[in-house]
Amino acid sequence: MALHDATGDVDYITCGHGGYLDFERLMPTFLFPEKLTAPVTEHLKAAVTQAKITSEAHVRTPENAESIIASGQADLVSIVRGCISCNQMCWGRRSRDYWSSCLINPSAGREWEWGSEPFAATKTPKDVLVIGAGPAGLEAARVAAERGHRVHIHEASGQIGGQFRLAGMQPRRAQILDLMAWYERQFEKLGVSLHLNSYLDAGDLPPADHTIIATGSQPDPSGRQRWNPAHPTLLGLENGNVWSPEDVLRREAKLGDTVVVYDEGGNWRGVGTSWHLAEMGKAVIHVTPDAFAGKEIARTSADMPARQRLARAGARLITEHCIARWHGNGITLRSFLTGAEETIPVLALVMATTNQAFDPFPETLAGHALHRIGDCTAPRTAPYAFHEGRKLGLVL
Ligand SMILES: Cc1cc2nc3c(=O)[nH]c(=O)nc-3n(C[C@H](O)[C@H](O)[C@H](O)COP(=O)(O)OP(=O)(O)OC[C@H]3O[C@@H](n4cnc5c(N)ncnc54)[C@H](O)[C@@H]3O)c2cc1C
Ligand SMILES: Cc1cc2nc3c(=O)[nH]c(=O)nc-3n(C[C@H](O)[C@H](O)[C@H](O)COP(=O)(O)O)c2cc1C
Ligand code: SF4
């Protein structure tokens, strides 16, 4: 480097992270620390006199950028993804069908259709009522208000964010809580009136030109397993000590020291909850019907680092198994490969199975133009909720 610098032919050097043999480092998810290349650029700075040095990879925020420049570790910084570093719809989507978008900014890759912010003002401002402040409701409310509508949003709990706020309680995911704080600031700026602790049902809906139902989804209390269809409920459910990831992250679950997390989704809801419990010092057994843990986050290059974090925190991973029976203080697992059953003593069970849509409203309601978005139409993941919220906010 010093040799090239001495010729004066090199103007700047960009220092990124990882390489094509380890994609999980090249576009690091939130699993990795921030300011990843600052220690390396510091060395490079010491070796050159003319070239400018750029620090890239997980700089993420203006505060991190300022601190790298202020400490002299680099001359320049580069922020590619100044976001929640999930890789779900940018890198993840690119390796599916090559059409990159973004989980929190669904206009990315769709600018030709939706334009960019600020969105075009409406010529006919209306009263918009939004029920539920999860990702779908938040985004619909924000976009409608940005376009000039008068928006009221009602949320049953004391906080905005819905299930996605709970994702922000998992290890290293506080960026999601920053995103929620951003929505609160936007609501203040745009004059959205936010009503917390306000559960609405069909009988007490305030009048509005448009009523948006964004009531999300909830854990399935039956313990039904997709891969054990002979039983509509978990055998032994009545023995108790069975919880959902939501119970765990809301700190409502009374767990002992040993926990099985049964993960049918293969995504952060299950994997992140196991990691959270392992970091708390619990002896965690992560059981999945899939061939490997974190199957649904594989496209985001996060599955291997996630399994490493789980293993380093002492979790045991059991793949290609379902639950044959829950005993209240132990579990019998069945292998898909051999059919063999194994009983393991354990004090609690967390079922990360498919959620159930929650929509307490009738199909139609006299005097209300109803719209439905997000998980309340079918339980999925956050990108679909943000997408549907924005799409609706743009056409009201
Ligand atoms: C632990 C966890 C981790 C997750 N991690 C990820 C991830 O990494 N990536 C991803 O893509 N997805 C993730 N998900 C899934 C994602 O959070 C959901 O798909 C998404 O939040 C759905 O958004 P929504 O707005 O449709 O519904 P919800 O988030 O369920 O929000 C609905 C809101 O409506 C409120 N509400 C319900 N009924 C009423 C009523 N009658 N009146 C007023 N308010 C009401 C509820 O209190 C809730 O706040 C995770 C989920 C969990 C639980
Ligand atoms: C969707 C996507 C595609 C990328 N493609 C490439 C690529 O083709 N070659 C490359 O060297 N880096 C690629 N990167 C890595 C970025 O250039 C950057 O180094 C990385 O995202 C870390 O910076 P950040 O944390 O600011 O996003 C890509 C990143 C993303 C998110
Ligand atoms: S999908 Fe969006 S929020 Fe997630 S890492 Fe990619 S750019 Fe960031």
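Predicted model, so just to flag it, every value in this text is computed and none were measured. (Residues numbered from 1 in each chain as written. Chains lettered and ligands numbered in written order. Predicted model: local features only at pLDDT ≥ 70, side-chain atom pairs only at ≥ 80, totals over all residues. Heavy atoms only, no water.)

Draft legend 1. Local environment of the site of ligand 2. Looking at ligand 2, the residues that line it are Y20, L26, M27, E56, A57, H58, I79, V80, R81, C90 and W91. The contact in question runs from a nitrogen atom of ligand 2 to an N or O atom on the side chain of Y20, over 2.9 Å. R81 is positioned such that a nitrogen or oxygen atom in its side chain is 2.5 Å from an oxygen atom of ligand 2. Surface burial for ligand 2 is 76%, taken as the share of its 620 Å² of free accessible area covered by protein chains. Grouping the constituent residues of the shell around ligand 2 by class yields eight nonpolar, one polar and two charged. (Near = heavy atom within 4 Å. Polar contact = N/O pair within 3.5 Å; in protein donor to acceptor, adjacent residues only side chain to side chain. Areas by Shrake-Rupley, 256 points an atom, 1.4 Å probe, with all protein chains shown as cover. Nonpolar A, V, L, I, M, F, W, Y, C, P; charged D, E, K, R; others polar.)

Draft legend 2. Quick peek at the packing of helix α11 (residues 268–279) against helix α12 (residues 303–312). One can describe the packing of α11 onto α12 by two numbers: an axis separation of 9 Å at closest approach and a directional angle of 30°. Judged by the angle between their axes, α11 and α12 are roughly parallel. As for the relative orientation of α11 and α12, their crossing is left-handed in sense. Taking contact as the criterion, the partners of W268, V271, S274 and W275 in α11 are, on α12, A306, R309 and L310. In the contact of α11 with α12, the residues fall into five nonpolar, one polar and one charged. (Axes fitted to C-alpha atoms, helices over the stretch in contact; angles between N-to-C directions. Helix = DSSP H or I, 4+ residues; strand = E, 2+ residues; numbered from the N terminus. Parallel < 35°, antiparallel > 145°, perpendicular 65-115°, else oblique. Left-handed = near helix turned anticlockwise from the far one by under 90°. Contact = heavy atoms within 4.5 Å.)

Draft legend 3. Representation of a nonpolar patch on the surface within the structure. Taken together, W227, F336 and L337 make up a surface patch of nonpolar side chains, about 340 Å² in accessible area. Within the secondary structure layout, L337 lies in the loop between β14 (330–335) and β15 (341–345). Accessibility expressed as a relative area gives 62% for L337, which makes it exposed. (Patch = residues over 30% accessible without salt bridge, like charges linked within 9 Å, V, L, I, M, F, W, Y side chains within 5 Å. Salt bridge = Lys/Arg side-chain N within 4 Å of Asp/Glu carboxyl O. Buried < 20%, exposed > 50% of the residue type's maximum accessible area, 1.4 Å probe, protein only.)

Draft legend 4. Spotlight on the packing of helix α7 (residues 135–146) against helix α13 (residues 382–395). Contact geometry for α7 and α13: axes closest at 7 Å, N-to-C directions at 25°. One element, α7, and the other, α13, form an angle in the roughly parallel class. As α7 packs across α13, the resulting crossing turns out to be right-handed. Taken together, the residues of α13 that come into contact with α7 (itself represented by P135, A136, E139, A140, R142, V143 and A144) are A385, F386, G389, R390, G393 and L394. Here the contact of α7 with α13 is built from residues that sort into eight nonpolar, two polar and three charged.

Draft legend 5. Geometry of the sheet that holds β15. With antiparallel pairing, three strands are arranged side by side in an open sheet as β13-β14-β15. Only two strands of the sheet have a single partner each, and these edge strands are β13 (321–326) and β15. Direction aside, the axes of adjacent strands within the sheet are offset by 30° on average. (Pairing = 2+ DSSP bridges.)

Draft legend 6. How the structure looks around the packing of aromatic side chains. Using the criterion set out here, one finds six aromatic pairs in the structure. Ring centres 5.1 Å apart and planes at 80° place the aromatic pair W182 and Y183 in the edge-to-face group. Judged by its relative accessible area of 1%, Y183 is buried. Each member of the aromatic cluster is reached from another via a ring pair, and the members are Y20, F23 and W91. Here R110 stacks its cationic end above the ring of W114, 5.1 Å away from the centre of that ring. (Phe/Tyr/Trp six-rings, centres within 6.5 Å; stacked < 30°, edge-to-face > 60°. Lys NZ or Arg CZ within 6 Å of the ring centre and 35° of its normal.)

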